[in-house]
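As a plain string of letters, each chain reads:
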Amino acid sequence: MTPLEAEALRAAGAKRPRRWRRTAALRDLVRETTLAPDDFVQPLFVVSGDDVRRPVSSMPGVAQISTDQLAREVVELRGLGIKAVLLFGIPASKDAYGSESYADDGVVQNAIRALKDADPELVVVTDVCLCEYTEHGHCGLVDEDGTVLNDETLEHLARIALSHAEAGADVVAPSGMIDGMVGALRSALDAEGRHDLAILSYAVKYASAFYGPFREAAEGAPAFGDRRSHQMDPANAREAIREAALDVDEGADALMVKPALGYLDVVRDVRERFPELPLAAYNVSGEYAMVKAAAQNGWLDERAAVLEVLTAIRRAGADLVVTYHAKDAAAWLQRGP
Ligand SMILES: [Zn+2]
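Residues numbered from 1 in each chain as written. Predicted model: local features only at pLDDT ≥ 70, side-chain atom pairs only at ≥ 80, totals over all residues. Heavy atoms only, no water.

For the rest of this paragraph, the subject is the coordination of the zinc ion. Tetrahedral metal sites with four donors have an ideal angle of 109.5 degrees; octahedral sites with six donors have ideal angles of 90 or 180 degrees. For the zinc ion, the protein coordination sphere consists of Cys129 (SG), Cys131 (SG) and Cys139 (SG), at 2.3 to 2.4 Å. Sequence positions of the donors to the zinc ion reduce to the motif C-x1-C-x7-C. With respect to class, Cys129 is no different from Cys131; both count as buried. (Donors = N, O, S within 2.8 Å, 3.2 Å for Na, K, Ca; no water. Buried < 20%, exposed > 50% of the residue type's maximum accessible area, 1.4 Å probe, protein only.)

Below you can see the structure in the form of structure tokens.
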């Protein structure tokens, strides 16, 4: 070996990334992204009635449950280390104005009280939108042509948020992509002295095909048309920054990108542009259903796939992940490799 060859080998030898991959302990030591049960937010679909636990067929492992089942649910979640839930309500009846959405004894308001009775420490986040409560299934009031009205809807959203605050919610999460929704909620809450209540804005929500199974779970499919007049075009990333910036200006305390998996570039963009705010990503129903279906067919190792998906969402920059995999993932993390 010539001195030159020896030098070349030494130089190559100095750059061997595999040294950190040799054992599990070495890999653990240098891991950049971690997952923990308290990064997860568990969505819950609450229905009226007693003793209801109705499985959602397109989301194996997910069920609509009645308020009296929530205490049991909380024990299970807290036992797994999950500290936050995102509430969706399926009302007993729907009308053109979604009246049950702000009723004091509405399904979500009752659920908030039941959750807080069961565990005052649990973080209760509530979805603030009209789609589950209106006959037409749209995220706002609509005119006779079926157009979703913007400014007329704001007052309604504020009323819903106030009723959630009154019932004891910790965080309200407006999800309808109605312009001005964060500002409307903030001023309504502040006017009632609820300066303490945080707003997690679904700031960047795309009109996605991956919401399909959710519509079965939340019974909120639009009766006509679609949501492309308010939700974002999947082709747009720069617009996401504009949407997020508006919500930050209006007083959002945290931002969300939805869906997560096909939009990790957007998660990263929003993370970098707004480093001062917590960022959530919603690992949506279709993303969940795909993994479940493949796992049930034996085409994927479910545990490995789920932990990889959740790690990828966190690696892209999300602080918290709203996911239907929360309980399974938390159990796997508790048990260890
Ligand atoms: Zn909606």
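Here we come to a nonpolar patch on the surface. There is a patch of nonpolar side chains on the surface, built from Trp20, Leu29 and Val30 and spanning about 320 Å² of accessible area. With respect to the helices and strands, the residue Trp20 is situated in the loop between helix H1 (3-13) and helix H2 (24-29). (Patch = residues over 30% accessible without salt bridge, like charges linked within 9 Å, V, L, I, M, F, W, Y side chains within 5 Å. Areas by Shrake-Rupley, 256 points an atom, 1.4 Å probe, with all protein chains shown as cover. Salt bridge = Lys/Arg side-chain N within 4 Å of Asp/Glu carboxyl O. Helix = DSSP H or I, 4+ residues; strand = E, 2+ residues; numbered from the N terminus.)

The next thing to look at is a positive patch on the surface. There is a patch of like positive charges on the surface, built from Arg16, Arg18, Arg19 and Arg21. Checked against the element boundaries, Arg18 lands in the loop between H1 and H2. Taking relative accessible area as the criterion, Arg18 reaches 68% and is therefore assigned exposed. (Lys, Arg positive; Asp, Glu negative; His and termini not counted. Charge placed at Lys NZ, Arg CZ, Asp CG, Glu CD.)

Turning our eyes to something else, we now look at the environment of Leu310. For Leu310, the location among the structural elements is in helix H11 (residues 302-316). For Leu310 and Thr34, which are 276 residues apart along the polypeptide, the C-alpha to C-alpha distance reads 9.7 Å. Among residues more than four places away in sequence, those in contact with Leu310 are Leu35, Phe40, Asn283, Val321, Thr323, His325 and Ala329. (Contact = heavy atoms within 4.5 Å.)

Position of Asn283 among the secondary structure elements: in strand E9 (residues 279-283). For Asn283, a relative accessible area of 1% gives the class buried. There is a polar contact of 2.7 Å between the side chain of Asn283 and the side chain of Glu287. Excluding anything up to four places from it in sequence, Asn283 contacts Ala260, Val309, Leu310, Ile313, Val321, Val322, Thr323, Tyr324 and His325. (Polar contact = N/O pair within 3.5 Å; in protein donor to acceptor, adjacent residues only side chain to side chain.)

Turning our attention to the pairing of strand E4 (residues 84-90). With 7 of 7 residues buried, E4 is to be regarded as a mostly interior element. Residues of E4 alternate between two faces, with Ala84, Leu86, Phe88 and Ile90 on one and Val85, Leu87 and Gly89 on the opposite face, all of them buried. Pairing geometry for strand E1 (residues 40-47) and E4, over 7 bridges, is parallel. The partner of Val41 across the bridge, within E4, is Ala84. Crossover connection from E4 via helix H4 (residues 107-118) to parallel strand E5 (residues 123-128): handedness right-handed. (Pairing = 2+ DSSP bridges. Right-handed = clockwise from strand over helix to strand, strands pointing away.)

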